[in-house]
Amino acid sequence: MSAGTYAPNPGAAPLPRMIAAQAVLETKMLLRNGEQLLLTVVIPTLLLVLFSSVDIVDTGSGKAVDFLAPGILALAVMSTAFTGQAIATGFERRYGVLKRLGASPLPRWALMAAKTLSVLVTEVLQVILLAVIALALGWSPHGNPLAVAALLVLGTAAFSGLGLLMAGTLKAEATLAAANLVFLLLLVGGGVIVPLDKFPDAAQSVLGLLPISALSDGLRDVLQHGASMPWGDLGILAVWAVVGLGAAGRFFRWE
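From a predicted model like this one, the values you see are computed outputs, not experimental measurements.

**Student:** What is the right way to look at the overall build of the protein in this model?
**Tutor:** A count of helical and extended segments in the protein gives 10 helices and zero strands. Counting helices and strands in the order they occur from the N terminus, the protein gives α-α-α-α-α-α-α-α-α-α. Radius of gyration (C-alpha) of the protein: 20 Å, near the 18 Å computed for a compact globule of 255 residues. With the C-alpha coordinates aligned to their principal axes, the bounding extent of the protein is approximately 80 × 35 × 35 Å. Relative to its full complement of 255 residues, the protein shows a buried share of 45%. Residue pairs at least 24 apart in sequence account for 81% of intrachain contacts in the protein once pairs closer than 6 positions are excluded. Accessible surface computed for the protein: about 12,500 Å², of which carbon and sulfur atoms make up 70%. Of note, the protein has its 15 positive side-chain charges centred 17 Å away from the centre of its 14 negative side-chain charges.

**Student:** Would you mind going over the nonpolar core with me for this structure?
**Tutor:** Proteins that are soluble and globular tend to have nonpolar side chains buried together. Counting residues in each nonpolar core, the largest one holds 47 residues, and the members touching the most others are Leu48, Leu75, Met78, Trp139, Phe159, Leu215 and Leu219. Among the elements of the structure, α2 (34-53), α3 (64-94), α5 (108-136), α6 (145-169), α7 (172-189), α9 (211-223) and α10 (231-251) are those that each provide at least two residues to this core. Of all the elements, α3 adds the most residues to this core, at 15 residues. Discounting residues that sit within four places of it in the chain, leucine 219 has contacts with Pro70, Leu73, Ala74, Val148, Leu151, Leu152 and Gln224.

**Student:** Quick question: what am I supposed to make of the packing of aromatic side chains here?
**Tutor:** Within a pair of aromatic rings, the relevant descriptors are the distance that separates the centres and the angle that separates the planes. Under the defined criterion, the tally for this structure stands at two aromatic pairs. Plain terms: the ring middles of phenylalanine 82 and phenylalanine 159 are 6.5 Å apart, the flat faces sit at 55° to each other, and that makes the pair tilted. Within this pair, whereas phenylalanine 82 is found in helix α3, its partner phenylalanine 159 is found in helix α6, the two being separated by 77 residues in sequence. The exposure classification of phenylalanine 82 matches that of phenylalanine 159, with both residues buried.

**Student:** Honestly, the layout of surface pockets in this entry has me stumped. Any pointers?
**Tutor:** Take a probe with the size of a water molecule and roll it over the atoms, and the empty space left behind shows itself. Approximately 430 Å³ is the volume found for the largest pocket. Lining the largest pocket are 19 residues, with Asn33, Gln36, Gly84, Ile87 and Ala88 positioned closest to its centre. Of all the elements in the fold, those that place two or more residues in the lining of the largest pocket are α1 (15-31), α2, α3 and α5. Here the lining of the largest pocket gets eight residues from one element, more than from any other, and that element is α3.

Rules and cut-offs
- Residues numbered from 1 in each chain as written.
- Predicted model: local features only at pLDDT ≥ 70, side-chain atom pairs only at ≥ 80, totals over all residues.
- Heavy atoms only, no water.
- Helix = DSSP H or I, 4+ residues; strand = E, 2+ residues; numbered from the N terminus.
- Rg over C-alpha atoms; globule rule 2.2 N^0.38 Å.
- Buried < 20%, exposed > 50% of the residue type's maximum accessible area, 1.4 Å probe, protein only.
- Contact = heavy atoms within 4.5 Å.
- Areas by Shrake-Rupley, 256 points an atom, 1.4 Å probe, with all protein chains shown as cover.
- Lys, Arg positive; Asp, Glu negative; His and termini not counted.
- Charge placed at Lys NZ, Arg CZ, Asp CG, Glu CD.
- Core = buried A, V, L, I, M, F, W, Y, C linked by side-chain atoms within 4.5 Å.
- Phe/Tyr/Trp six-rings, centres within 6.5 Å; stacked < 30°, edge-to-face > 60°.
- 1 Å grid on protein atoms, 1.4 Å probe; cavity = no way out; pocket = protein on both sides within 12 Å on 5 of 7 lines; lining within 4 Å.
- Points joined across faces, edges and corners; volume = space filled by probe spheres on them.

Okay, here's the thing in structure tokens:
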């Protein structure tokens, strides 16, 4: 029997095509999930509109939206890359979805890459939506777009690593509770809505090292104050990204 008798020739698709197909699937699943949309789109939008329109928190001199918009962008990254991804991945692990995908031709690292691509696509949509709303509220952004992109990418890597670490080590129910609790705590204490200088000096030094604080402060330095490249905040995010992704790769349990 000559070669080529059977067509098509069975076998795995090229790796880039597998990653792209899985990323498209992950994105569709995320956008169809009502709870995820509430967390990633509705809550940041409501917070931006509410606190920009009503004088509830003292954001210092200037328009409130100029202070709030960068923090809300940071919150959107955290809600998608950390909270949403941790919860979704935790329940996929519980129901055996990850175990079955791990037995497919798609390598496990490629599955994580597809999830990260899905997060990035969702974040692009979030950033566009929030930016349009903020501009309608009178936002006047400044600064270097490359610095903004670097902060968002490193912030995504940091939160994604922490979310996957949580999803891969805790039970699904514990992940659900812990991810939402961390979201609420960092919303209040991460410089998103309440400026860090409103906290005691001792607390500021600790809170400033959190990834959400580094991301929100870095975005605020660039978009509100026109800074060129916030290397300190980028360094903090890089450390969290390396630690989070490294720990997730080391301790993630697939079943």
